[in-house]
Amino acid sequence: MAEEIRVLLVEPMEKPRLVTVEHTLENLQKLVDGDLQAVYPWDDPVGLVCDDDAIYNGKVPNRALLDEEGKPYDIVKGTFFICGLSPQDFDSISDELAEKYTERFRWPEMFFRTMDDHVVWVKLKPGEQPKVIV
(Lines give C-alpha, C1' and ligand atoms only; values in the text may rest on other atoms or scores of the structure.)
Protein backbone atom coordinates (compact mmCIF):
# COMPACT_ATOMS: atom_id res chain seq x y z
CA MET A 1 0.00 0.00 0.00
CA ALA A 2 1.30 3.45 -0.95
CA GLU A 3 1.71 6.17 1.64
CA GLU A 4 -0.86 8.93 1.89
CA ILE A 5 -0.26 12.62 1.31
CA ARG A 6 -2.32 15.62 2.28
CA VAL A 7 -3.08 18.17 -0.45
CA LEU A 8 -5.15 21.33 -0.78
CA LEU A 9 -7.90 20.57 -3.30
CA VAL A 10 -9.33 23.55 -5.22
CA GLU A 11 -12.47 22.83 -7.21
CA PRO A 12 -14.29 25.35 -9.43
CA MET A 13 -16.78 27.49 -7.49
CA GLU A 14 -15.83 25.83 -4.16
CA LYS A 15 -13.67 26.84 -1.23
CA PRO A 16 -10.36 24.94 -0.98
CA ARG A 17 -10.26 21.93 1.31
CA LEU A 18 -7.57 19.64 2.64
CA VAL A 19 -7.85 16.03 1.52
CA THR A 20 -5.73 12.99 2.17
CA VAL A 21 -5.11 10.71 -0.78
CA GLU A 22 -3.13 7.56 -1.33
CA HIS A 23 0.02 8.70 -3.14
CA THR A 24 -0.33 6.84 -6.43
CA LEU A 25 -0.40 8.23 -9.95
CA GLU A 26 -3.89 6.85 -10.48
CA ASN A 27 -5.31 8.50 -7.35
CA LEU A 28 -3.69 11.85 -8.07
CA GLN A 29 -5.06 11.72 -11.62
CA LYS A 30 -8.54 11.06 -10.20
CA LEU A 31 -8.29 14.26 -8.16
CA VAL A 32 -7.81 16.38 -11.30
CA ASP A 33 -9.77 14.06 -13.60
CA GLY A 34 -6.96 13.76 -16.13
CA ASP A 35 -3.25 13.55 -16.81
CA LEU A 36 -1.08 15.45 -14.35
CA GLN A 37 0.69 18.70 -15.10
CA ALA A 38 2.68 20.33 -12.32
CA VAL A 39 3.63 24.00 -12.33
CA TYR A 40 5.59 25.97 -9.79
CA PRO A 41 4.33 29.58 -9.87
CA TRP A 42 5.48 30.54 -6.36
CA ASP A 43 8.72 30.65 -4.40
CA ASP A 44 7.23 28.40 -1.69
CA PRO A 45 8.11 24.67 -1.82
CA VAL A 46 4.74 23.71 -3.33
CA GLY A 47 3.47 22.56 -6.67
CA LEU A 48 0.16 23.33 -8.35
CA VAL A 49 -1.03 20.14 -10.03
CA CYS A 50 -3.80 20.24 -12.62
CA ASP A 51 -5.10 18.36 -15.66
CA ASP A 52 -2.59 18.67 -18.49
CA ASP A 53 -5.40 18.62 -21.07
CA ALA A 54 -7.91 20.83 -19.23
CA ILE A 55 -8.06 23.39 -22.03
CA TYR A 56 -8.65 20.78 -24.71
CA ASN A 57 -11.15 18.89 -22.56
CA GLY A 58 -13.24 22.04 -22.12
CA LYS A 59 -12.91 22.23 -18.35
CA VAL A 60 -14.26 25.34 -16.69
CA PRO A 61 -11.97 28.15 -15.55
CA ASN A 62 -11.26 27.80 -11.85
CA ARG A 63 -8.80 30.35 -10.43
CA ALA A 64 -6.44 33.00 -11.79
CA LEU A 65 -2.71 32.99 -11.23
CA LEU A 66 -1.53 36.49 -10.35
CA ASP A 67 1.68 38.36 -11.02
CA GLU A 68 3.50 40.41 -8.39
CA GLU A 69 1.14 43.35 -9.01
CA GLY A 70 -1.95 41.21 -8.42
CA LYS A 71 -2.93 41.05 -12.09
CA PRO A 72 -3.93 37.73 -13.66
CA TYR A 73 -1.46 36.21 -16.10
CA ASP A 74 -3.02 32.75 -16.48
CA ILE A 75 -6.18 30.87 -15.57
CA VAL A 76 -6.15 27.34 -14.18
CA LYS A 77 -9.00 25.28 -15.62
CA GLY A 78 -10.68 22.39 -13.85
CA THR A 79 -9.93 21.02 -10.42
CA PHE A 80 -6.35 21.36 -9.17
CA PHE A 81 -4.45 20.68 -6.00
CA ILE A 82 -1.51 22.23 -4.22
CA CYS A 83 0.96 19.87 -2.63
CA GLY A 84 4.27 20.04 -0.84
CA LEU A 85 7.48 18.97 -2.53
CA SER A 86 10.11 16.48 -1.48
CA PRO A 87 13.48 16.28 -3.25
CA GLN A 88 12.08 13.79 -5.77
CA ASP A 89 8.29 13.81 -5.64
CA PHE A 90 5.07 15.38 -4.44
CA ASP A 91 4.61 15.43 -0.68
CA SER A 92 2.10 16.57 1.93
CA ILE A 93 1.52 20.30 2.15
CA SER A 94 2.57 21.85 5.47
CA ASP A 95 -0.04 23.36 7.79
CA GLU A 96 1.47 26.82 7.27
CA LEU A 97 1.36 26.63 3.46
CA ALA A 98 -2.08 25.00 3.47
CA GLU A 99 -3.36 27.99 5.46
CA LYS A 100 -1.62 30.47 3.13
CA TYR A 101 -3.06 28.97 -0.06
CA THR A 102 -6.47 28.33 1.48
CA GLU A 103 -6.63 32.08 2.10
CA ARG A 104 -5.31 32.90 -1.40
CA PHE A 105 -7.94 30.71 -3.11
CA ARG A 106 -10.69 31.05 -0.47
CA TRP A 107 -13.21 32.81 -2.70
CA PRO A 108 -14.45 31.29 -5.96
CA GLU A 109 -13.71 33.24 -9.11
CA MET A 110 -15.72 33.64 -12.29
CA PHE A 111 -14.51 34.33 -15.81
CA PHE A 112 -16.43 35.63 -18.79
CA ARG A 113 -15.39 36.08 -22.40
CA THR A 114 -16.73 39.21 -24.08
CA MET A 115 -17.84 39.43 -27.70
CA ASP A 116 -14.55 41.12 -28.59
CA ASP A 117 -12.62 38.18 -27.06
CA HIS A 118 -11.52 39.82 -23.79
CA VAL A 119 -11.67 37.82 -20.58
CA VAL A 120 -13.39 39.41 -17.59
CA TRP A 121 -12.33 38.14 -14.16
CA VAL A 122 -14.67 38.55 -11.19
CA LYS A 123 -13.62 37.79 -7.64
CA LEU A 124 -16.15 38.73 -5.02
CA LYS A 125 -15.69 38.41 -1.29
CA PRO A 126 -18.68 38.91 1.01
CA GLY A 127 -19.31 42.60 1.63
CA GLU A 128 -17.06 43.80 -1.21
CA GLN A 129 -17.84 45.34 -4.55
CA PRO A 130 -16.84 43.18 -7.54
CA LYS A 131 -13.21 43.49 -8.64
CA VAL A 132 -13.32 43.37 -12.41
CA ILE A 133 -10.20 43.36 -14.56
CA VAL A 134 -10.60 43.44 -18.33
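Every value quoted in this text rests on a predicted model; they were computed, and no experiment measured them.

Trainee: Teacher, can you tell me more about the nonpolar core here?
Mentor: Most often, soluble globular proteins have nonpolar side chains that are buried together. Counting 14 residues, the largest nonpolar core has Phe80, Ile82, Ile93 and Tyr101 as the members making the most contacts within it. For this core, the secondary structure elements donating two or more residues are strand S1 (4-10), strand S4 (46-51), strand S7 (80-85) and helix H2 (95-104). Residue contacts for Tyr101: discarding those within four places in its chain leaves Leu8, Trp42, Asp44, Val46 and Ile82. One finds Ile5, Val19, Cys83 and Phe90 within the second-largest nonpolar core, a separate group that totals 12 residues.

Trainee: Help me out: how do you make sense of a nonpolar patch on the surface in this one?
Mentor: A contiguous nonpolar patch, built from Met13, Met110 and Phe112 and spanning about 290 Å² of accessible area, is present on the exposed surface. Within the element layout of this structure, Phe112 appears in strand S9 (residues 109-113). Judged by its relative accessible area of 41%, Phe112 is partly exposed.

Trainee: How should a negative patch on the surface be read in this particular structure?
Mentor: Side chains of Asp43, Asp67, Glu68 and Glu69 sit close together on the surface and give a patch of like negative charge. Along the chain, Asp67 falls in the loop between strand S5 (61-66) and strand S6 (72-77).

Trainee: Just to check I follow, could you spell out the pattern of salt bridges for this structure?
Mentor: If you walk through the whole model with that rule in mind, you get 9 salt bridges. The closest approach of N and O atoms between Glu11 and Arg17, which form a salt bridge, is 3.4 Å. Accessibility expressed as a relative area gives 40% for Arg17, which makes it partly exposed. Between Asp44 and Lys100 there is a salt bridge, with its nearest N and O atoms 2.6 Å apart. Here Lys100 lies in helix H2 and Asp44 lies in the loop between strand S3 (36-39) and S4, a separation of 56 residues in the sequence.

Trainee: Looking at this model, I keep getting lost on the packing of aromatic side chains. Mind explaining?
Mentor: How two aromatic rings sit relative to each other is given by the distance of their centres and the angle of their planes. As enumerated under the stated definition, the model contains 4 aromatic pairs in all. Judged by centre distance (5.5 Å) and plane angle (75 degrees), the rings of Phe80 and Phe105 are edge-to-face. Residue Phe80 is found in strand S7, and its partner Phe105 is found in the loop between H2 and S9; the two are separated by 25 residues along the sequence. Phe80 gets classed as buried once you look at its relative accessible area, which sits at 0%. Judged by relative accessible area, Phe105 falls into the buried class, the value being 0%. Taken together, the ring pairs in this structure connect Trp42, Phe80, Tyr101 and Phe105 into an aromatic cluster.

Parameters and conventions
Residues numbered from 1 in each chain as written. Predicted model: local features only at pLDDT ≥ 70, side-chain atom pairs only at ≥ 80, totals over all residues. Heavy atoms only, no water. Core = buried A, V, L, I, M, F, W, Y, C linked by side-chain atoms within 4.5 Å. Buried < 20%, exposed > 50% of the residue type's maximum accessible area, 1.4 Å probe, protein only. Helix = DSSP H or I, 4+ residues; strand = E, 2+ residues; numbered from the N terminus. Contact = heavy atoms within 4.5 Å. Patch = residues over 30% accessible without salt bridge, like charges linked within 9 Å, V, L, I, M, F, W, Y side chains within 5 Å. Areas by Shrake-Rupley, 256 points an atom, 1.4 Å probe, with all protein chains shown as cover. Salt bridge = Lys/Arg side-chain N within 4 Å of Asp/Glu carboxyl O. Lys, Arg positive; Asp, Glu negative; His and termini not counted. Charge placed at Lys NZ, Arg CZ, Asp CG, Glu CD. Phe/Tyr/Trp six-rings, centres within 6.5 Å; stacked < 30°, edge-to-face > 60°.

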